[in-house]
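In case you want the letters, here they are:
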Amino acid sequence: MNLNYWSWDTFFDALPVILQGLGITIGLTFASYLFALIFGFLWTFLRRIPNRFVHFIVTWTMEFIRSTPPLVQLFFIYYALPVIPYIGISLHPFACAVLGLGIHFSTYIGEIYRSGIENVDKGQWEASTALNISTWDKWRKIILPQAIPPTIPMLGNYFIIMFKEVPLASTIGVAGIMLLARSYGAENWSYLEPLTIVGIIFLVLSYPSAVLIKKLENRFNKRFHKNQIMKDKGAMQ
Amino acid sequence: MAEPIVTYQDVHKSFGDVEVLKGIDLDIYPAEKVAVIGPSGSGKTTIIRLLMTLEQPTAGDIIVDGRNLWKMEKNGKWVHANENHLRSIRGDIGMVFQHFNLFPHMTILENCMTAPIHVKNEEKNDVKKRSIEMLERVGLGDKLDNYPSQLSGGQKQRVAMARALVMRPKIMLFDEVTSALDPELVGEVLNVIRDIAENDDMAMVLVTHEMDFALDIADKVLFLDEGVIAEQGTASEVIEHSENPRVQSFLQRFRG
Ligand SMILES: Nc1ncnc2c1ncn2[C@@H]1O[C@H](COP(=O)(O)OP(=O)(O)OP(=O)(O)O)[C@@H](O)[C@H]1O
Ligand SMILES: [Mg+2]
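Quantities reported herein were computed from a predicted structural model and do not represent experimental measurements. (Residues numbered from 1 in each chain as written. Chains lettered and ligands numbered in written order. Predicted model: local features only at pLDDT ≥ 70, side-chain atom pairs only at ≥ 80, totals over all residues. Heavy atoms only, no water.)

A. Quick peek at the overall build of chain A. A count of helices and strands for chain A gives eleven helices and zero strands. Reading chain A from its N terminus to its C terminus gives the helix and strand order α-α-α-α-α-α-α-α-α-α-α. Compactness check: chain A gives a C-alpha radius of gyration of 23 Å against a globular reference of 18 Å for 237 residues, more than 25% above the reference. For chain A, the spread of C-alpha atoms along the principal axes amounts to about 75 × 60 × 25 Å. Relative to its full complement of 237 residues, chain A shows a buried share of 41%. Contacts spanning at least 24 positions in sequence make up 76% of the contacts within chain A whose residues lie at least 6 apart. Accessible area for chain A stands at about 13600 Å²; split by element, carbon and sulfur atoms hold 68% of it. Looking at chain A, you have 19 positive and 13 negative side-chain charges, and the mean spots of the two groups are 13 Å apart. (Helix = DSSP H or I, 4+ residues; strand = E, 2+ residues; numbered from the N terminus. Rg over C-alpha atoms; globule rule 2.2 N^0.38 Å. Buried < 20%, exposed > 50% of the residue type's maximum accessible area, 1.4 Å probe, protein only. Contact = heavy atoms within 4.5 Å. Areas by Shrake-Rupley, 256 points an atom, 1.4 Å probe, with all protein chains shown as cover. Lys, Arg positive; Asp, Glu negative; His and termini not counted. Charge placed at Lys NZ, Arg CZ, Asp CG, Glu CD.)

B. Examining the UniProt feature "transmembrane region" (unreviewed entry) in chain A more closely. Residue and element names in this part refer to chain A. Residues annotated by UniProt as "transmembrane region" (unreviewed entry) correspond here to residues 20-46, 53-77, 83-105, 166-185 and 191-213. For the annotated span residues 20-46, helix accounts for 93% and strand for 0% of the residues, and the straight-line distance between the end C-alpha atoms is 40 Å. Helix makes up 45% of residues 166-185 and strand 0%. Its end C-alpha atoms lie 19 Å apart. (UniProt positions renumbered as here; feature names shortened; annotations may be inferred.)

C. Spotlight on the packing of aromatic side chains. All names here are of chain A. This structure, assessed with the given rule, holds 20 aromatic pairs over all chains. Judged by centre distance (6.1 Å) and plane angle (20 degrees), the rings of Phe 41 and Phe 45 are stacked. Note that Phe 41 and Phe 45 are positioned in helix α2 (residues 22-47) at a spacing of four residues, about one turn of the helix. Geometrically, the ring pair formed by Tyr 108 and Tyr 158 is stacked, given 5.5 Å between the ring centres and 25 degrees between the ring planes. Residue Tyr 108 is found in helix α5 (residues 93-118), and its partner Tyr 158 is found in helix α8 (residues 152-165); the two are separated by 50 residues along the sequence. Residue Tyr 108 is classed as partly exposed on the basis of its relative accessible area, which comes to 23%. One aromatic cluster is present, formed by Phe 41, Phe 45, Tyr 113, Trp 125 and Trp 139 through successive ring pairs. The ring centre of Tyr 108 lies 5.9 Å from the NZ or CZ of Arg 66, which sits over that ring. (Phe/Tyr/Trp six-rings, centres within 6.5 Å; stacked < 30°, edge-to-face > 60°. Lys NZ or Arg CZ within 6 Å of the ring centre and 35° of its normal.)

D. Spatial organisation of the site of ligand 1. Residues and elements named next belong to chain B. What surrounds ligand 1 is the set Phe 15, Val 20, Pro 39, Ser 40, Gly 41, Ser 42, Gly 43, Lys 44, Thr 45, Thr 46, Glu 176 and His 209. Ser 42 is positioned such that a nitrogen or oxygen atom in its backbone is 3.2 Å from an oxygen atom of ligand 1. Within the side chain of Lys 44, an N or O atom sits 2.8 Å from an oxygen atom of ligand 1. A total of 630 Å² of accessible area belongs to ligand 1 in isolation, and the protein chains cover 57% of it. (Near = heavy atom within 4 Å. Polar contact = N/O pair within 3.5 Å; in protein donor to acceptor, adjacent residues only side chain to side chain.)

E. Spatial organisation of the interface of chain B and chain A. With 26 residues of chain B in contact, the opposing surface of chain A contributes 24 residues. Each partner contributes to the roughly 2200 Å² buried at the junction of chain B and chain A, and carbon and sulfur atoms together form 58% of this total. Where chain B touches chain A, the interface holds one salt bridge. A salt bridge links A:Glu126 to B:Arg49, with the nearest nitrogen and oxygen atoms 2.8 Å apart. Among the secondary structure elements, those contributing two or more residues to the side of chain B that touches chain A are α2 (83-90), β8 (93-96), α3 (108-119) and α5 (153-166) of chain B. (Buried area = accessible area lost by both parts, 1.4 Å probe. Salt bridge = Lys/Arg side-chain N within 4 Å of Asp/Glu carboxyl O.)

F. Up close: unusual backbone geometry. Residues and elements named next belong to chain B. The phi angle at Asn 101 is positive, at roughly 55 degrees, despite the residue not being glycine. With respect to the secondary-structure elements, Asn 101 resides in the loop between β8 and α3. The phi angle at Asn 121 is positive, at roughly 55 degrees, despite the residue not being glycine. The exposed category is assigned to Asn 121, whose relative accessible area is 67%.

G. Main features of the UniProt feature "domain: ABC transporter" (unreviewed entry) in chain B. When the UniProt feature table is mapped to this numbering, "domain: ABC transporter" (unreviewed entry) covers residues 6-251 of chain B. Counted over residues 6-251 of chain B, helix gives 38% and strand 28%. Its end C-alpha atoms are 28 Å apart.

H. Main features of the pairing of strand β4 (residues 59-64) of chain B. All names here are of chain B. In the sheet, strand β1 (residues 6-15) pairs with β4 via five bridges, with the strands oriented antiparallel. Bridging across to β4, His 12 finds its partner in Ala 59. Of the strand pairs in this sheet, β4 and strand β5 (residues 67-68) are connected by two bridges, and their pairing is antiparallel. Across the sheet, residue Ile 63 finds its bridge partner in β5, namely Asn 68. What sits between the antiparallel neighbours β4 and β5 is a turn of two residues, in which Asp 65 has the positive phi angle 50 degrees. (Pairing = 2+ DSSP bridges.)

Structure, rendered in structure tokens:
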């Protein structure tokens, strides 16, 4: 059998070229994830503003962002935003991608925070009030330290999900591995090897990340239930 | 007699269409021990939650140490209290809850220290010393570094009391603090309350179903029925000698 559609020469020729984009791909993942983590808080707190109008606006904005494809949002920020008079700004593709992916995923992250906060017992708020703790310290010392840890596994999953969405940024010219693979393909009339390389890179990076997150989750579960475990130990002695 | 430290003036509270408190008038004097008794749903918890600022009254005024709790003066007009105003008064009041509400992510020492450090900006070492003294006083000096989940219900409730006491309130509120406990743990908690009642000069308001305990420590007993104070007097007047048929039938259910 003659495998004339696959060339190891091309493969090894393309590999170093594509790997040059790895830093950007990973950097974009971290940057947009960080953006989403921070922006997620913003949604969570905006939604808590006790005003029906604000609540309505915020809820529907989130719904809108979540039900529109991230690709459309990227295109909008990159191509359409600069054309809008007065508010339009034209940004570097990397910045557009951070903004687009970051905002899109911040709506999911915001939901995760919200569920974490809602799972904190109402009595914790009341005890904080009874102790005259300020609103700021209530969040910082009492509520968030209980709300966030249980959401860490879910937040970790979103990191991997975002990582896999990062190739979308190639469509607006972010020179990550996906864009480099595509241009290599276009120049050499051969897409099979470069795209296979991209697939392998994602596999090689996603799988260990997933394992790592699982480990983190286990460790965290142990820590979070430490008190319970210590109690059980105490009972055995 | 001295000026009351807390006064309720025709206080009403509704949840939606349901009026739960229908005009409460009440004076609480410094160091006075007030027991609140009455059937389930009569509004006992609501009365003290209004004072702790966990609920807002629908009408009427609550005066704490001469200041209106839920209203403040602004440009010569009375407006609804803001958080700053509430905080300036709330420091005088402490509360112990039925379900303890300890902070599960903190050791019991940290539970006691958090509020004084962050609310009162007190020196950490002073707070620590005072917290340890207080935890020793409630009999938990050997558990400082334990987490709440490692304690029994009675121990948790004693931590909750120490935590409230470290703030040095002038008024302490207790909402059925023994009713979530196993019967054999009730005594240790009541003993701590008795100790506080006898040795500290705080005013105390106790919502309780422990009639003998109320008889023992209360200067004044309120019988609450369907949102009104149906009977008020000394413990002996209300619990032992009331002529009010509602009070009698309520007490009968306890005595069995
Ligand atoms: N947040 C709330 N929303 C709606 N109704 C409420 C709320 N809190 C209390 N109520 C109602 O108000 C009434 C009085 O409640 P409250 O808790 O003050 O009674 P209680 O005398 O403490 O009763 P118990 O002995 O059962 O604790 C009850 O009918 C209760 O259902
Ligand atoms: Mg109650």
